[in-house]
Structure formats: C-alpha cells, structure tokens
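Listed below, chain by chain, are the residues.
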Amino acid sequence: MKFSKDFLFGAASASYQVEGAWNEDGKGVSNWDVFSKIPGKTFEGTNGDIAVDHYHRYKEDIKLMAEMGLESYRFSISWPRIIPNGDGKVNDKGIEFYNSIIDECLKYGIVPFVTLYHWDLPQVLEEDGGWTNKKTVDAFVRYANVCFKAFGDRVKHWITFNETIVFCSLGYLAGAHPPGIINDPKKYFQSTHNVFLAHARTLKDYKKLKQFGEIGITHVFSPAFSVNEKEENKFAAYHANEFGLSWYYDPILLGSYPEYVLKIIEEKGWTPQWTDEEIEDIKEAASLNDFIGLNYYQPQRVIKNTEPIENASRDRESSTGAAGSPSFDGVYSTVKMEDKKYTKWGWEISPEGFLEGLRILRKRYGDIKIYITENGLGDEDPIIDGEIMDVPRIKYIEEHLKAVKTAIKEGIHIKGYYAWSVIDLLSWLNGFKKQYGFIYVDHKDNLNRKKKLSFYWYKHIIKTRGEDL
Ligand code: BG6
C-alpha cells in the first residue's frame, strides 16, 4: 500500500527550539527567555538565545527540507516576536520574518503547518498570572487574529496550542517549565480550562474570517495501559486516562468535561473558575475543529500507586518523560517494564501502543480527522567516519509509520505524519544532547548543517509514498 497523494509527509520544529535571535528585530522577552536562565532549570544551563540560528539560516534549512522532498513543514510562531508585550503593538519585523518563512516554503511547494503556541509566552503576560489569568485568553485570541490576517492568505493549516497537558502540568505541578510553580492543582486545572477557552474562541473567530483553511489543536497522545489484569491496576489506568486523555480531548472534541474528573476535582476544591458563557463557548466550538493533532512518543504503563505523594515529579530530572513516578494526585504510578524496549532517556518504544491508542481514540471520539503532528526518537547519534549514522531513528520512524499504515487500513482517518524533528534542536529540558533531527547541526563548527542517514531514508519513503515500508 502507498500513502494517498493527499497524505502529507512532514517534519516539525518550534520557535524557541530553533530560532535563536531572542532579542533581535523588536522581539519581546518570552517566559522561556527568563526561565531558562534560572540556575538548575535546564540541562547544563542551555537556552534558546541562539538555538540553531534558524532565524538567520531559514533559507538554507528550507532548501534542505525541499531537497529531502518534505511536503509540509510544521513550525510555530513566537508570540512575543509578533506582539512583544503580549497584548500591545504589533511588531512589523516579526510579521516580516514569518512572511519570509511561509514564502520560502511555498517557493518549494512545501505546505506550511503553523502552530500558534508552542510554549513561548510573552513574559509580561506570564508575570500577570500567565494561563491562570483570563486576560491571557483575550490576548491570545487577539494574537491569533493578527496571525490569521497577516498569514491566512497563504497558511491553510493552523494548530492553536501544542500539548496543553505538558505546559500546564510542568508549569503548575512539577515546576519544571515556566512559571515553575510546584504542586498547585487549582492553578493547573484553571490554566487548562483557560487554554481550552482560548482555543474555542479562536476557532469561532477563524471560521468567521472565511479563510477556508483547517484549524485544530495538538495534544500529547500517551494512552495509559494497565501492566496486568489486576483490578486495582486496571482502575489506575482508567483514572490515568480520564485525567490525561479525557480531560484534554473531551472539551475539544465533545464540548464538555468528563464527569469522572469533574466529580473528583469538585470534591478536592480544584474546579476552575468558569462562567456559563465560557462553558457554552467550549461546547459550540467542538464542531468547529477540522482535525486533532497527536504527538505520540510513548504509552504509559500504569499501576496503583503505593508511594508517598511527595515522590511525584517535582524537578527537571524527574520531569523529562521517563516512567517511574507517582501521579500528582497519588492515585497511580507509571512504571518501566522488563519486557519493553526503551530509549536512552527511558521513553518506551511501542508502535503497538500507538496503534492500540488510535483504536481507543476512534472508539471514544468517532471518525475525526487526525494528523500525527510529532513522533520521533531522541538519541545521541553515532558519527562514523564523519557520517551521522542514525539507524535507530530510521527504525523507530519506520515502525511507527507502519502503525499509521495499519491504522489507515482499518479506516482511521490519518491525513499526515510529521516527524519530530526536521533538524536537531534545543530540547527544553535536555539541551542539545538529545537529538531528533534528519539534519545534524554541528555545535563545534559554526552550527553547520549536515544530512544524516535518516535524511536520505525519509526522502526515499516520501518519494515512494511509503510503499516499501
Ligand atoms: C514534545 C514537544 O513534548 O516533545 C517538543 O512538543 C519536544 O517541543 C518533544 O521537543 C521532545 O521532548 P524532549 O524532552 O525529548 O526534547
């Protein structure tokens, strides 16, 4: 089977992780510009001041993407580059930069797939309460409208938010992302609701503009499975999926929050502050999603938690995605299993979990259109005789693309696959050590670019539309 002609083979990046130029051409300061400079917050103090200098080298990078045969480039817009203080004057130079990126993509026939929010919030808004403040909701909707008006003639694929669960839970429970708040479930739930509201209102505005593109949101897709048939562990997995999947997917796709979670957070006093009008907006917007974006790296293996809750992830080390800590509410724990395969960073490699998760998703939400907006292997790539031999990455992507193929055969509506990442970039918590790209960046030699083995392999897959997989 070949992937259909309208299936997009792509790869992705995010502004803070690639651009650099953190204080150039009128860009405002972002929460990450500040947070990454707090000692101990990032791996060896790395930050995105320069990142891989995509801001100055985007032409060279997009040329390489074209050479790889990439059909679509998923990138994010840095909000503080467009509106430096979050809700004030628009920075023309910021608009100019993304116009150049978009036009450069289109020059080669690469479809720009744009994320509006991949975590770099204007610092002024962060200091005013960030996502816990409703003012941020209004400011986001305004920023989104600025982007639609500036780029919407050429951009026809929009993602509002990337991985709400990650920036909200690491921001308000683990303290490992800005604003670095530890163990505040009330703020955590409030921030998730505010993001869903911003998403809903943005969709309503986008549809009014009649730009006839598609718009959706990207969520982490990390389905939880019980480690065995024991009732207590099966319940732990159910609970994990209600809090980690349903809480995020239900408001977007069904327009309401899951009863199970609502009941618990009510008892605990964690219910967000919301109005009937907000709940109505979320309900109305559910039918306006054109797709859902899924970022899949690994499933979760879950047991009933027996450890003290203090052992839940509360710092950088324990927040980098490896299994082994209790959930914030102490109900379940994620565990590493003897019979599973793991990456060097302790992430499980499971194309089976991917496929099984897709089936579960279809069962709950029906025949929604899906883009796999991220999937890939973080590794330290071996260099042999000057060549970057990233064979494990090829194998990882191959196995996951095969799962996508099977899912499509089963009638699951997947219309694109974006490998993470197009080029080696800054990992938020793991610096430049953890590589994901098809293109290598030499940090010892002027950030020079070099094609990896996977570059040629992906080129072949795209050219043959995955027939040889
Ligand atoms: C996703 C993010 O969570 O995972 C990316 O959307 C991130 O921005 C990617 O880089 C990989 O995470 P990590 O921690 O391995 O760099």
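Higher on the page you've got the structure.
Let me sum up the structure you'll find in this document. (Residues numbered from 1 in each chain as written. Predicted model: local features only at pLDDT ≥ 70, side-chain atom pairs only at ≥ 80, totals over all residues. Heavy atoms only, no water.)

### Description of empty space enclosed by the protein
Operational definition: Put simply, the grid is 1 Å and covers the protein atoms alone, a cavity is a trapped set of points that fit a 1.4 Å probe, a pocket is an open set with protein on both sides within 12 Å along at least five of seven lines, and lining residues have an atom within 4 Å of a point. Grid points are joined across faces, edges and corners, and a volume is the space filled by probe spheres set on the points. Secondary structure elements are taken from DSSP: a helix is a run of H or I of four residues or more, a strand is a run of E of two residues or more, and numbering for both begins at the N terminus.
Applying the stated criterion across every chain yields a total of 7 cavities of 30 Å³ or more. The space that makes up the second largest cavity amounts to roughly 90 Å³. As for the second largest cavity, its lining consists of Asn31, Trp32, Tyr117, Trp119, Leu121, Glu126, Trp131, Phe167, Tyr172, His177, Pro178 and Pro179. Taken together, the elements giving at least two residues each to the lining of the second largest cavity come down to helix H2 (31–35) and helix H8 (164–172).

### Points about the layout of surface pockets
For the record, the criterion: Residue type decides the class: Asp, Glu, Lys and Arg count as charged, Ala, Val, Leu, Ile, Met, Phe, Trp, Tyr, Cys and Pro as nonpolar, and the leftover types, Gly among them, as polar.
Of the pockets and cavities examined, the largest pocket occupies roughly 280 Å³. In terms of lining residues, the largest pocket is bounded by Glu380, Asp381, Ile383, Asp424, Phe432, Lys433, Gln435, Tyr440, Val441, Asp442, His443 and Lys444. Tallying contributions element by element places strand E14 (residues 439–442) first for the lining of the largest pocket, with 3 residues. For the lining of the largest pocket, a count of residues per class yields 4 nonpolar, 2 polar and 6 charged.

### What about the packing of helix H3 (residues 54–68) against helix H5 (residues 92–107)?
The criterion, for reference: Between the N-to-C directions of two axes lies an angle of 0 to 180 degrees, each axis being a line fitted to C-alpha atoms and, for a helix, fitted only over the stretch in contact. What sets the label is the angle itself: under 35 degrees gives roughly parallel, over 145 gives roughly antiparallel, 65 to 115 gives roughly perpendicular, and the rest give oblique. Between two residues, a contact is recorded if the distance between any of their heavy atoms is within 4.5 Å.
Two elements in contact, H3 and H5, have axes whose closest approach is 10 Å; the angle formed by their N-to-C orientations is 10°. Here H3 is positioned roughly parallel relative to H5, judged by the angle of their axes. From H3, His54, Tyr55, Tyr58, Lys59 and Ile62 reach across to H5, where they touch Phe97, Ser100, Ile101, Glu104 and Cys105. Broken down by class, the residue content of the contact of H3 with H5 amounts to 6 nonpolar, 2 polar and 2 charged.

### Details of the sheet that holds strand E7 (residues 291–295)
Stated precisely, the cut-off is as follows: Here, a strand pair is defined by DSSP locating no fewer than two bridges between the strands.
Strand order in the closed barrel formed by 8 strands is E1-E2-E3-E4-E5-E7-E10-E13, with parallel pairing between adjacent strands. On average, each strand axis in the sheet is inclined to that of its neighbour by 25°, with strand direction left out of account. Bridge count between E7 and strand E10 (residues 370–374): 4 bridges; the pairing is parallel. Within E10, the residue paired with Ile292 across the bridge is Ile370. Packing against the sheet, H5 makes contact with strand E2 (72–76) and strand E3 (111–117), and its axis sits at approximately 170° to E2. Where helix H15 (residues 453–463) meets the sheet, its contacts fall on strand E1 (8–12) and strand E13 (414–420), and the angle it forms with E1 comes to roughly 155°.

### Considering the side chain of His54
Of note, His54 is situated in helix H3. If we ignore the near neighbours within four places in the chain, the residues touching His54 are Val18, Glu19, Asp61, Met65, Tyr73, Ile101 and Arg449.

### A short note on the site of the ligand
Using the following cut-off: Only a single heavy atom is needed: when it lies within 4 Å of a molecule or strand, its residue is near that molecule or strand. We call two N or O atoms a polar contact when they sit within 3.5 Å, provided that within protein one can donate a hydrogen and the other can accept it, with sequence-adjacent residues counted only if both atoms are side-chain atoms.
By nearness alone, 15 residues border the ligand, and Gln17, Glu163, Ser427, Lys434 and Tyr436 come closest of all. Glu163 has a polar side-chain atom sitting 2.5 Å from an oxygen atom of the ligand. Contact distances for the ligand include 2.8 Å between an oxygen atom and a side-chain N or O atom of Trp428. Residues that form the shell around the ligand fall into these classes: 6 nonpolar, 6 polar and 3 charged.

### Observations regarding the pairing of strand E15 (residues 448–451)
With 4 bridges connecting them, E14 and E15 associate as antiparallel partners. Paired with Tyr440 across the strands is Lys450, a residue of E15. Here E14 folds back onto E15 in antiparallel fashion, the turn holding 5 residues, of which Asn446 has a positive phi close to 50°.

### A few points about the environment of Leu294
Within the fold, Leu294 resides in strand E7. Residues Leu294 and Gly357, 63 residues apart in the sequence, show an inter-C-alpha distance of 11 Å.

### Overview of the environment of Lys134
Put simply, the test is: Type-normalised accessible area, obtained with a 1.4 Å probe on protein chains alone, sets the label of each residue: buried when under 20%, exposed when over 50%, and partly exposed for intermediate values.
Residue position: Lys134 is located in helix H7 (residues 134–151). Exposure remark for Lys134: the relative accessible area of 24% places this residue in the partly exposed category. Each C-alpha atom, one on Lys134 and one on Gln273, is 10.0 Å from the other, the two residues being 139 residues apart in sequence. Those residues within four positions of Lys134 in sequence are excluded, and the remaining contacts are Gln190, His193, Asn194, Gln273, Trp274 and Glu278. A distance of 3.1 Å separates polar atoms of two side chains, one belonging to Lys134 and the other to Asn194. A distance of 3.0 Å separates the side chain of Lys134 from the side chain of Glu278, its partner in a polar contact.

### Focus: the packing of H8 against helix H9 (residues 185–209)
To keep it simple, the criterion reads: For a crossing to be left-handed, the near helix must be turned anticlockwise from the far one by less than a right angle; the clockwise case is right-handed.
At a closest axis distance of 9 Å, the pairing of H8 and H9 adopts a crossing angle of 150°. Compared by their axis directions, H8 and H9 come out roughly antiparallel. Note on packing geometry: the crossing formed by H8 with H9 is right-handed. Residue-level inspection shows Thr164, Ile165, Phe167, Cys168, Ser169 and Tyr172 of H8 in contact with H9, the latter providing Lys187, Tyr188, Ser191, Thr192, Val195 and Phe196. Of the residues that constitute the contact of H8 with H9, the class distribution is 7 nonpolar, 4 polar and 1 charged.

### Focus: the sheet that holds strand E8 (residues 300–304)
Reading across from one edge, E6-E8-E9 is the order of the 3 strands in this open sheet, with mixed pairing throughout. Edge positions in the sheet fall to strand E6 (224–226) and strand E9 (332–334), since each of these pairs with one other strand and no more. Across the sheet, the mean angle separating the axes of adjacent strands is 45° when strand polarity is ignored. Here 3 bridges tie E6 to E8, and the two strands are oriented parallel to one another. By the bridge assignment, Phe225 is partnered in E8 with Arg301. Running at roughly 125° to E8, helix H10 (residues 231–253) makes contact with E6, E8 and E9 of the sheet.

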